[in-house]
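# Summary of structural features
Chain by chain, the residues run as shown.
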Amino acid sequence: MALWKFMDYCSPAGNNLIEEWYMDLPEEAQAEFDVTLKTLSIAEDWRGMSEFEHLGLNGLCTIRFKAEKVQYRPAGYFGPGGKCFSIYVGCRKKGKVYTPPNAFELAFKNKGRVERGEANLSERAV
């Protein structure tokens, strides 16, 4: 049984940008993302797990998975509420380069939009 739930960022226009990012991923990457979220959803504590990294940038964290030699790092924050993680931007990583290059800044801005009521979150089925 899942201990955690995941939320996707939806733009002010109502588009679920995380689902759109997900649908653009190759099939293998979609499967890896699904498995990674399921793994995290049943773990009490994510510290030390290879699927998760706390970046220390205003609480920003990434979910980590790899498919077809590509590293993916959807970024987000804990909350709202307990046992909830909200994904604000999907991105890829190669070396120290993220695509989009402003992914972390975008995640922070998207979080602010939700906090101000300009955008919403939608629960992701895991």
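The structure we're discussing is the one just above.
About the thresholds
Residues numbered from 1 in each chain as written. Predicted model: local features only at pLDDT ≥ 70, side-chain atom pairs only at ≥ 80, totals over all residues. Heavy atoms only, no water. Disulfide = S-S within 2.5 Å. Buried < 20%, exposed > 50% of the residue type's maximum accessible area, 1.4 Å probe, protein only. Salt bridge = Lys/Arg side-chain N within 4 Å of Asp/Glu carboxyl O. Helix = DSSP H or I, 4+ residues; strand = E, 2+ residues; numbered from the N terminus. Pairing = 2+ DSSP bridges. Axes fitted to C-alpha atoms, helices over the stretch in contact; angles between N-to-C directions. Core = buried A, V, L, I, M, F, W, Y, C linked by side-chain atoms within 4.5 Å. Contact = heavy atoms within 4.5 Å.

### Overview of the state of the cysteines
Under the defined criterion, the tally for this structure stands at zero disulfides. As a non-bridged cysteine, Cys 10 has Cys 84 as the owner of its nearest cysteine sulfur, 13 Å distant. Given the relative accessible area of 9%, Cys 10 is considered buried. Between Cys 61, a free cysteine, and Cys 84, which holds the nearest cysteine sulfur, the sulfur-to-sulfur gap is 12 Å.

### What to know about the pattern of salt bridges
Under the criterion given, the structure shown has eight salt bridges. Close ionic contact of Arg 64 with Glu 53 constitutes a salt bridge, the shortest N to O distance being 3.0 Å. With Arg 64 in the loop between β3 (60–63) and β4 (65–67) and Glu 53 in strand β2 (residues 52–57), the pair connects residues that are 11 residues apart, well separated along the chain. The salt bridge involving Arg 116 is made with Glu 118; its shortest N-O contact spans 2.9 Å. You can call Arg 116 exposed: its relative accessible area is 56%. Looking at Glu 118, the relative accessible area reads 40%, which means it is partly exposed.

### A word on the sheet that holds β4
Here we have four strands laid out as an open sheet, ordered β4-β5-β8-β9, and antiparallel in their pairing. A strand with exactly one partner marks an edge of an open sheet, and here the two such strands are β4 and β9 (97–99). Neighbour to neighbour, the strand axes of the sheet diverge by 35° on average, direction disregarded. Pairing of strand β5 (residues 70–72) with strand β8 (residues 92–94) involves two bridges; the strand directions are antiparallel.

### Describing the nonpolar core
In this structure, Trp 46 and Phe 85 are the most contacted members of the largest nonpolar core, which totals 36 residues. The set of elements that each furnish at least two residues to this core consists of β1 (5–10), α1 (17–24), α2 (27–41), β3, β4, β6 (75–78), β7 (84–89) and α3 (103–115). By residue number, the principal contributor to this core is β7, which donates five residues. For Phe 85, the residues in contact, after removing those within four places along its chain, are Trp 4, Lys 5, Phe 6, Met 7, Trp 46, Phe 52, Cys 61, Ile 63, Gly 76, Tyr 77, Phe 78 and Gly 79.

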